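# Working through the structure, step by step
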Amino acid sequence: MGKKITPYKDSDLGKKKQVEQMFDTISTNYDGLNRVISFGIDVKWRKKVVKMVSETNPHAVLDIATGTGDLAISLAKTGAKRIVGLDLSEGMLAVGRKKIREEDLSERIEMIQGDSEALPFEDNTFDAITVAFGVRNFENLEKGLAEILRVLKPGGIFVILETSVPTKFPFKQGYYFYTRNLLPLIGKLFSKDKVAYSYLSESAAAFPYGDKLNNILKEIGFIDVSHKPQTMGVATIYSASK
């Protein structure tokens, strides 16, 4: 992946612990700030992920890097009997559990703290696995993807929703201006963590997207790999199988 981007440049902690610390800090205002930063378009992207998963009629679904549970809650629409949301940050999970109780979904959705690179599940456990805006936070991308392949059932679907960089003028130039200047400024004004949103924009720019990520997925062992850019390329939805 090239240069490793971490939230706190002067920290002695590894990326995994830094990401956990960062999301614990920003968990209470993460949802509202996210809607502002994405202009609410992320809701539309998540609906597309849910539709893709629904078409496979899953029984058990795992949402990795679930954060405050937005996607996990939406995945209830798939009809899955078991939905597990996993995240490093207990702060984010606490917000998610409250939302799940309010939606009366506690019997179907379980939120657990865990590491994407050491998933606490047996081989071939889930019919569908999703990750929304989380794979770029993996400390070891290949290890995390290999773990996902391990716990995915043969024939199951794996869907990634992740930021990407537009390639066409003027969207590419506009994207860089927004993520390098406006995004960190909004984060500094409204977030408890002054560096969190600088990290999020830097990690998005450095992450392999499009065919590069497709090739990594294929090397890990996934099949039927494809991707669809969203909203002029500012995000991409990837799908794969086992």
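To keep things clear, this report deals only with the structure shown in the data block. The model shown is predicted, which means the values in this text are computed figures rather than measured ones.

### Focus: the nonpolar core
With 29 residues, the main nonpolar core has Leu62, Ile64, Phe121, Ile129, Ile148, Phe158 and Phe222 as its most contacted residues. Broken down by secondary-structure element, the contributors of at least two residues to this core are β1 (60-64), β2 (82-87), β4 (126-132), α6 (141-151), β5 (152-163), α9 (211-220) and β7 (235-241). Broken down by element, the residue count for this core peaks at five residues, all from α6. Those residues in contact with Phe121, other than ones at most four positions away along the chain, are Leu62, Arg82, Val84, Leu86, Ile112, Phe126, Arg150 and Val151. Counting 25 residues, the second largest nonpolar core, distinct from the first, contains Val50, Leu71, Ala72 and Ile237.

### A word on the sheet that holds β4
With respect to topology, seven strands assemble into an open sheet ordered β3-β2-β1-β4-β5-β7-β6, the strand pairing being mixed. Strand pairing shows two members of the sheet lacking a second neighbour, β3 (109-113) and β6 (223-230), which therefore form its edges. With direction set aside, neighbouring strand axes in the sheet form an average angle of 15°. In this structure, β5 lies alongside β7, joined through seven bridges in antiparallel fashion. Following the sheet pairing, Ile160 is matched in β7 by Tyr238.

### A few points about α6
Taken as a whole, α6 has its buried residues at Leu141, Gly144, Leu145, Glu147, Ile148, Leu149 and Val151. Taken together, the buried residues of α6 touch β1, β4, β5 and α9. Its side-chain oxygen at 3.3 Å from the backbone nitrogen of Glu142, Asn140 defines the N-terminal cap of α6.

### Description of the pattern of salt bridges
One pass over the full model with this rule turns up twelve salt bridges. Residue Asp123 pairs with Arg150 through a salt bridge whose shortest N-O separation is 2.8 Å. With a gap of 27 residues between them, Asp123 in the loop between β3 and β4 and Arg150 in helix α6 connect regions that are remote in the sequence. Here Asp123 falls in the partly exposed class, since its relative accessible area comes to 46%. In this structure, Glu147 and Arg150 form a salt bridge, with 2.7 Å as the shortest nitrogen-oxygen distance. On the criterion of helical spacing, the pair formed by Glu147 and Arg150 is a turn pair, its members being three residues apart in helix α6. For Glu147, a relative accessible area of 14% gives the class buried. Through salt bridges that share partners, Lys16, Asp115 and Glu117 make up one connected network.

### Points about the environment of Val195
With respect to the helices and strands, Val195 occurs in the loop between α7 (171-190) and α8 (196-206). Ignoring any residue separated from it by four or fewer positions in sequence, one finds Val195 in contact with Pro7 and Tyr8.

### Observations regarding a nonpolar patch on the surface
A surface patch of nonpolar side chains, about 400 Å² in accessible area, is lined by Phe177, Leu182, Leu185 and Leu189. Structurally, Leu185 can be placed in helix α7.

### Concerning the pairing of β5
By the criterion of burial, β5 is predominantly enclosed, with nine of the twelve residues buried. At this point the chain moves from β4, through α6, to the parallel β5, and the crossover so formed is right-handed.

How each quantity is defined
Each residue is numbered by its place in its chain's sequence as written, counting from 1. Totals for whole chains, interfaces and linings use all residues, but because this is a predicted model, local features are given only for residues with pLDDT of at least 70 and pairs of side-chain atoms are given and counted only at 80 or more. Excluding hydrogens and water, the side-chain values take into account all heavy atoms of the structure. Side-chain atoms within 4.5 Å link the members of a nonpolar core, which is a set of buried Ala, Val, Leu, Ile, Met, Phe, Trp, Tyr and Cys residues. For every residue, the accessible area obtained with a 1.4 Å probe (protein chains only) is divided by the maximum for its type, and the residue is called buried under 20%, exposed over 50%, and partly exposed between those limits. Only DSSP runs of H or I covering at least 4 residues are called helices, and only runs of E covering at least 2 are called strands; the numbering of each starts at the N terminus. The contact rule is simple, with two residues in contact once any of their heavy atoms fall within 4.5 Å. At least two bridges found by DSSP between two strands is the condition for calling them paired. For helices, the fitted axis covers only the stretch in contact; all axes are lines through C-alpha atoms, and the angles between them, taken along N-to-C directions, range from 0 to 180 degrees. Counted as a polar contact is a pair of N or O atoms within 3.5 Å, where, for protein atoms, one must be capable of donating a hydrogen and the other of accepting one, and residues adjacent in sequence contribute only when both atoms are in side chains. Each reported salt bridge corresponds to a side-chain nitrogen of Lys or Arg within 4 Å of a carboxyl oxygen of Asp or Glu. Residues forming no salt bridge and having over 30% relative accessible area are the ones grouped into patches, like charges within 9 Å of each other and nonpolar side chains (Val, Leu, Ile, Met, Phe, Trp, Tyr) within 5 Å. The Shrake-Rupley method, run with a 1.4 Å probe sphere, supplies the accessible areas, and residue values consider only the shown protein chains as cover. Here, the term right-handed applies to a crossover whose path from the first strand over the helix to the second runs clockwise when the strands point away from the viewer.

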